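Structural description and commentary
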Amino acid sequence: MEEEPLTEGARPRAEASGGGGTEPCPGCGALVPTVDGPTHRYLGASPGCWAAFGRVLAREYSDPAFLAVHGLTVDTYAVQHPGTPSPQTIHSAGVHLVALHLVLERGRSVADAARFRQRAVERIRDRFEWLEPPASLGALTVLDVEGAADADEHAARVRAWARAAWEAWSPHHDTVRGWAARL
Ligand SMILES: [Zn+2]
């Protein structure tokens, strides 16, 4: 079913329409500009953070070299914005945590992440349950990914971000590994 729901509506915004202040994103905690704008319909992201994610996606879509780590970008953003308990957020966190586990701990290719996610949807989605998000979801955020000089640096930043987010979820690693074992 939904392959990459996170990319819906994420677009770079040229103009910020807020009052120039900043606010912490309720998901990842990044201090982002207070702006009026769209955000994801169920992930817990502020408009300013969602706009930053949109800029990162735009750069990945603009250059195949940047696109190489796209799967990891999507998985990491999702697990840093778990939202509140609902069938959709439970499903999202489950699928994206399983994908992070497979890439970061099992050495699977980022290029295969979309396939893992699809398989998770087909085979283990009924096992997913709400995992209480840790107080901190990692020291790095999407803001730390922006501005890489080239594709290699971008990939390194995305991998560091992904590792920070995955480590933050360590109280639930065993649960996620158990789900992945059934793929
Ligand atoms: Zn955020």
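Residues numbered from 1 in each chain as written. Predicted model: local features only at pLDDT ≥ 70, side-chain atom pairs only at ≥ 80, totals over all residues.

Take helix α3 (residues 70-79) next. Residues that lie three or four places apart on an α-helix share one face, since the helix turns once every 3.6 residues. Here α3 lies mainly inside the structure; 10 of its 10 residues are buried. Every buried residue of α3 is accounted for by His70, Gly71, Leu72, Thr73, Val74, Asp75, Thr76, Tyr77, Ala78 and Val79. Of the surrounding secondary structure, the elements contacted by the buried residues of α3 are α1 (47-62), α2 (64-67), α4 (87-104), α5 (113-123) and α6 (151-168). (Buried ≥ 20, exposed ≤ 12 C-beta atoms within 10 Å, placed from the backbone. Helix = DSSP H or I, 4+ residues; strand = E, 2+ residues; numbered from the N terminus. Contact = placed C-beta atoms within 7 Å.)

Another point: the packing of α3 against α4. Running from N to C, α3 and α4 point in directions that differ by 130°, and their axes come no closer than 9 Å. On the basis of the axis angle, α3 is oblique to α4. For the crossing formed where α3 meets α4, the hand is left-handed. Contact residues: Gly71, Leu72, Asp75, Thr76, Ala78 and Val79 in α3; Ser92, Ala93, His96, Leu97, Ala99, Leu100 and Val103 in α4. Broken down by class, the residue content of the contact of α3 with α4 amounts to 8 nonpolar, 4 polar and 1 charged. (Axes fitted to C-alpha atoms, helices over the stretch in contact; angles between N-to-C directions. Parallel < 35°, antiparallel > 145°, perpendicular 65-115°, else oblique. Left-handed = near helix turned anticlockwise from the far one by under 90°. Nonpolar A, V, L, I, M, F, W, Y, C, P; charged D, E, K, R; others polar.)

Turning to α6, a few remarks are in order. The first and last C-alpha atoms of α6 sit 26 Å apart over 18 residues, in line with the 26 Å expected at 1.5 Å per residue. Burial in α6 covers these residues: His154, Arg157, Val158, Trp161, Ala162, Ala165, Trp166 and Ala168. Projection of α6 onto a plane perpendicular to its axis shows the buried side chains occupying an angular sector of 165°, all on one side. The exposed set on the far side of α6, more than 90 degrees from its buried face, consists of Asp152 and Glu153. Where α6 is buried, its residues touch α2, α3 and α4. (Expected span 1.5 Å × (residues − 1). Arc of directions from axis to C-beta.)

Direction vectors running N to C along α4 and α5 enclose 135°, while the axes themselves pass 9 Å from each other. When the axes of α4 and α5 are compared, the pair comes out oblique. Two packed elements cross with a definite hand, and for α4 against α5 that hand is right-handed. Residues Gly94, Val95, Val98, Ala99, Leu102 and Val103 of α4 touch α5, and the partners they reach there are Ala113, Phe116, Arg117, Ala120 and Val121.

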